Amino acid sequence: MAESPVNKKTSQSPWDIDWLETQRQYMDAWKSFSRFNPAAPDITTRNENPWAEAMDHWWRTVSPSAPQGSHAFMSKMLEQGKVFYMLAEQFTRLLNGMDQLNKVSEGWEDLLRQQIEEMKTLLAGGRDSAGEAWHGMLGAWQLLPLDTLQRTFSSASLMPGDFLQDLKPEALEKVTDKFLSIPGVGYTRESQEQIQEAIRLWGIYQKACQEYHSATSRICIDTLDCMHRRILDMNEQGKELRSLREIYDLWVDCSEEAYAAFTGTEEFSELYGHLTNSLMAVKQHGRNIIDEALSALNMPTRRGINTMQKRQQELRRDWRSALNRIRQLEEKIGTLHQPAAARRAGGAAAPATPKKRAAGKKKAAATTTKRKKPAKATAGKRKAASARDDMIVIKI
Amino acid sequence: MAPFQIRPDEVIQEVQKFNSKLAQGIHTLSEIGDIEVGVSAKEPVYCEDKMVLYRFKPRARKLKKIPLLIVYALVNRPYMADLQDGRSMIQGLLDAGLDVYLIDWGYPDSADRYLTLDDYINGYLDRCVDLIREKHGIDRINLLGICQGGTFSLCYSALHPDKVKNLVTTVTPVDFHTKNDLLSLMVRHVDVDLLVDTLGNIPGELLNWTYLSLKPFRLMGQKYMDLVDMLDDTEQARNFMRMEKWIFDSPDQAGETFREFAKQFYQENRLVKGAVQIGEHTVDLQNITMPVLNIYAMQDHLVPPDSSKALEGCVGTDDYTSLEFPGGHIGIYVSSKAQKMIPPAVASWLSKRG
């Protein structure tokens, strides 16, 4: 292994580098570069994650000239990059600590345990930038379904997913019991009740969110436990981690393992169902309110359009059925117009006539239905279908 | 001794290299241009509403007598089976002398909200099959179903066994309640009626997210870290973006069809019970008496192998063959391993059965 410039400093550990200072130097380099670009935004503040800031700064600089279609994609790439920086920072601390230990001592295991615990604390506390980054790792671009669900469902209503965003369950609990129990009175009684119902449904949804968040936060803790376990196993098996990328891949493997363990449970299935259903209830209620307003203005409502679309599809089905029946009758009439000898010959040779197809279809249906339902019911159903076909032929 | 063999300067270099690769990547992305998909020449032979039936131009001198109709899923787009030159199952089937047709279901909009499974299976699909039968003057054709399209093919073959000569299913869910079926677990407690009544059609974006969330750290994170290493190679980056285009090219799902499929198949697991109701008919897989080739993928995270393998115990045929592919749900169509294995196996199996 080639000796690095850092290793040449024998008076101190190679890990005695100031990680943050290194990152800031890097960001300064980016800033110098951007001075040549008049479109570059100004950076006046420094945060605790300069690597990420440097990349953000760079992206803000180049994005105006980048192809429009690549914006969303590159933004996602940068988000993933931040996970990489976070791992770099966390594991540099760990490696720095280890370097100060005797290489052959068992102390590294304690240090590893401490570092893992520190990461867990960041996760639990979580509102500073480091904590946010760890939560971002758990989020892994909308791992939690809330953003996607809300964004998707916002389009279903004029009252988007965030219209009651600031109403959190803890605040709600103080007022809901009193407020929601007041009966609506007077001319606006109905609208008062609708608003009360909206708040009640939103409260249920917020509780479902909290339960889901609380359960999924376990995934990150389990991921760290899994990493701890695997690193100890690697040591026993004589395996080594030789790059930051290998640490990242290990983190992904452990995350998937922890995620699969959680999502394979009935608990997850129920939480996910509850979360979706409670949000749907909010959305549907909002849509109903809008429908009523539109109805009052004599404008088309979603409900009315649904009815039209449903009827239209039923008509199309009936039309198809009638068309098939007409074709069958046309063929029958054509056969009747043929001389008797040709009819006999044609009847014996035709392999794929609609008549034969129809017979085949009935046969298949009869076979399947026979097993499940009494013959009488099947015959009745077929008779009804036939009568409907006849009726449509008359209509046409 | 600690299993970390990483020098501090290497960590710094690695992060710097990552950053510069990411920055250079924007230039590569700007050079890629339009992503083309669907490599084999084809022509539409029948259109109805948003559905188009295509026939591929033959690549072999001698064509097999019985044509093959590929039934794709309603989710995502069918060009995945014909992604690019050298990564195309359809190309392989054409090279083997098969006369290939393909159903493209199109992109449903709100006017299609009330399309049902009956409309898709006994309507569109049945009319495509009839058209091919008449065009070729034959009673029965070969069917090949892909994923959900395989489930549709099973239902169709059970309802119209007189029109299907041989049936090939690929990565097809049959038993929807097997262990490790995360997709099934996700939908198990969802009030599907409330979902469809509220949303109408089910947005493709929601389905995308659902599929990615089956393996979120790999599919929404690690995959893009791998891409950073490819960004200095335009061709590799183009291949990646081609797959990316397919993954996020998701049509909305007609609401009523989604309702029926999610409830009858995913929640109630009716297919293996012989209780799926399509229109007025009940689907009994015992009616499938034609030869069946069932291909599944060992590392399939969307359709667990056990879900597909359950078919053997459900069909009425005495000519059942299964083929295990050592890869995943998408790799079975686009990997180089699949090109060598799947089309030749399908063509050979069909040849032996006329």
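Residues numbered from 1 in each chain as written. Chains lettered and ligands numbered in written order. Predicted model: local features only at pLDDT ≥ 70, side-chain atom pairs only at ≥ 80, totals over all residues.

### Section: the overall build of chain B
In step 1: Tallying secondary structure elements over chain B gives 13 helices and twelve strands in all.
In step 2: By the compact-globule yardstick of 20 Å for 354 residues, chain B fits well, its C-alpha radius of gyration being 22 Å.
In step 3: By its C-alpha atoms, chain B is 70 × 55 × 45 Å across when sized along the principal axes.
In step 4: Among the 354 residues that make up chain B, the fraction classed as buried is 51%.
In step 5: Taking contacts inside chain B between residues at least 6 apart in sequence as the whole, the part at least 24 apart equals 80%. (Helix = DSSP H or I, 4+ residues; strand = E, 2+ residues; numbered from the N terminus. Rg over C-alpha atoms; globule rule 2.2 N^0.38 Å. Buried ≥ 20, exposed ≤ 12 C-beta atoms within 10 Å, placed from the backbone. Contact = placed C-beta atoms within 7 Å.)

### Here we look at the sheet that holds strand β12 (residues 320-325) of chain B
Residue and element names in this part refer to chain B.
In step 1: Strand order in the open sheet formed by eight strands is β1-β2-β6-β3-β7-β8-β11-β12, with mixed pairing between adjacent strands. In this open sheet, the two edge strands, each paired with only one partner strand, are β1 (42-48) and β12. When the angles between neighbouring strand axes are averaged without regard to direction, this sheet yields 20°.
In step 2: Each of β7 (141-146), β8 (164-170), β11 (292-297) and β12 is contacted by helix α13 (residues 336-351), which is oriented at about 175° to β12, the strand it contacts most. (Pairing = 2+ DSSP bridges. Axes fitted to C-alpha atoms, helices over the stretch in contact; angles between N-to-C directions.)

### Considering helix α6 (residues 192-199) of chain B
In step 1: Of the residues making up α6 of chain B, those classed as buried are Val 192, Leu 195, Val 196, Thr 198 and Leu 199 of chain B. Each buried residue of α6 of chain B lies within a common arc of 165° when the element is viewed along its axis, so the set occupies one face.
In step 2: Where the residues of α6 of chain B are buried, they touch α10 (266-296) of chain A together with α10 (255-267) of chain B.
In step 3: Immediately downstream of α6 of chain B, the backbone of Gly 200 of chain B shows phi near 75°, a positive value. (Arc of directions from axis to C-beta.)

### What to know about the packing of helix α1 (residues 8-32) of chain B against helix α9 (residues 234-247) of chain B
Helix packing geometry: the angle between the two helix axes and the distance between the axes.
All names here are of chain B.
In step 1: Interaxial distance between α1 and α9 falls to 10 Å at its minimum, and their mutual angle equals 70°. One element, α1, and the other, α9, form an angle in the roughly perpendicular class. Residue-level contacts link Thr 28, Leu 29, Glu 31 and Ile 32 of α1 to Thr 234, Ala 237, Arg 238 and Met 241 of α9.
In step 2: Split by residue class, the contact of α1 with α9 holds four nonpolar, two polar and two charged. (Parallel < 35°, antiparallel > 145°, perpendicular 65-115°, else oblique. Nonpolar A, V, L, I, M, F, W, Y, C, P; charged D, E, K, R; others polar.)

### Topic: unusual backbone geometry
In step 1: With a phi close to 55°, Asn 298 of chain A is a non-glycine residue in the positive phi region.
In step 2: Mapping Asn 298 of chain A onto the fold places it in the loop between α10 and α11 (302-337).
In step 3: Here the phi dihedral of Asn 180 of chain B falls at roughly 70°; this positive angle occurs in a residue that is not glycine.
In step 4: In this structure, Asn 180 of chain B sits in the loop between β8 and α5 (182-188).
In step 5: A residue is classified by how many C-beta atoms lie within 10 Å of it, and Asn 180 of chain B, with 14 of them, is partly exposed.

### Notes on the nonpolar core
In step 1: Membership of the largest hydrophobic core comes to 112 residues, with the highest contact counts inside it found for Leu 69, Ile 70, Leu 93, Val 100, Leu 125 and Cys 155 of chain B.
In step 2: Sequence-distant contacts of Leu 125 of chain B, that is, excluding residues within four places in its chain, are made with Val 71, Ile 103, Tyr 120, Phe 152 and Tyr 156 of chain B.
In step 3: With 38 residues, the next largest nonpolar core counts Cys 220, Met 227, Leu 244 and Ala 258 of chain A among its residues. (Core = buried A, V, L, I, M, F, W, Y, C linked by C-beta atoms within 7 Å.)

### Some thoughts on the environment of Lys 352 of chain B
Residue and element names in this part refer to chain B.
In step 1: Along the chain, Lys 352 falls in the segment after α13.
In step 2: Exposure remark for Lys 352: the 11 C-beta atoms within 10 Å place this residue in the exposed category.
In step 3: The sequence separation of Lys 352 and Thr 151 amounts to 201 residues, and the corresponding C-alpha distance is 24 Å.

### Some words on the pairing of β1 of chain B
In step 1: Of the strand pairs in this sheet, β1 of chain B and strand β2 (residues 51-56) of chain B are connected by six bridges, and their pairing is antiparallel. Note that in β2 of chain B the partner of Pro 44 of chain B across the bridge is Tyr 54 of chain B.

### Details of the pairing of β2 of chain B
All names here are of chain B.
In step 1: Hairpin connection between β1 and β2: a loop of two residues separates the two successive antiparallel strands, and Asp 49 in this loop has a positive phi of roughly 55°.
In step 2: Note: β2 against strand β6 (residues 100-104), four bridges, orientation antiparallel. Each residue of the ladder has a partner; that of Tyr 54, found in β6, is Leu 102.

### A closer look at the environment of Leu 112 of chain A
In step 1: Summarising the element assignment, Leu 112 of chain A is placed in helix α4 (residues 107-125).
In step 2: C-alpha separation for the pair Leu 112 of chain A and Pro 300 of chain A, spaced 188 residues apart in sequence, amounts to 64 Å.

### So, the packing of helix α8 (residues 189-237) of chain A against α10 of chain A
Residues and elements named next belong to chain A.
In step 1: Close contact between α8 and α10 brings their axes to 9 Å; oriented N to C, the two are set at 155°. Taken together, the axes of α8 and α10 lie roughly antiparallel to each other. For the pair α8 and α10, the sense of crossing is left-handed. Facing Gln 194, Glu 197, Ala 198, Leu 201, Trp 202, Ile 204, Tyr 205, Ala 208, Cys 209, Glu 211, Tyr 212 and Ala 215 of α8, the residues of α10 in contact are Glu 267, Leu 271, His 274, Leu 275, Ser 278, Leu 279, Ala 281, Val 282, His 285, Gly 286 and Ile 289.
In step 2: Of the residues assigned to the contact of α8 with α10, the class counts are 15 nonpolar, five polar and three charged. (Left-handed = near helix turned anticlockwise from the far one by under 90°.)

### What about the confidence of the model for chain A?
As a general rule, the predicted coordinates of low-pLDDT regions are not to be interpreted in detail.
All names here are of chain A.
In step 1: Confidence in the prediction of chain A, expressed as mean pLDDT, is 68, and 49% of residues score 70 or more.
In step 2: When the elements of chain A are averaged for pLDDT, helix α13 (residues 354-372) gives the smallest value, 37, and α11 the largest, 94.
In step 3: pLDDT under 50 marks residues 139-146. Its contacts with residues more than four places away, or in other chains, come to 19 contacts.
In step 4: Overall, residues 152-165 carries pLDDT values under 50, and its contacts beyond four positions in sequence, including any with other chains, amount to 21 contacts. (pLDDT = per-residue confidence, 0-100.)

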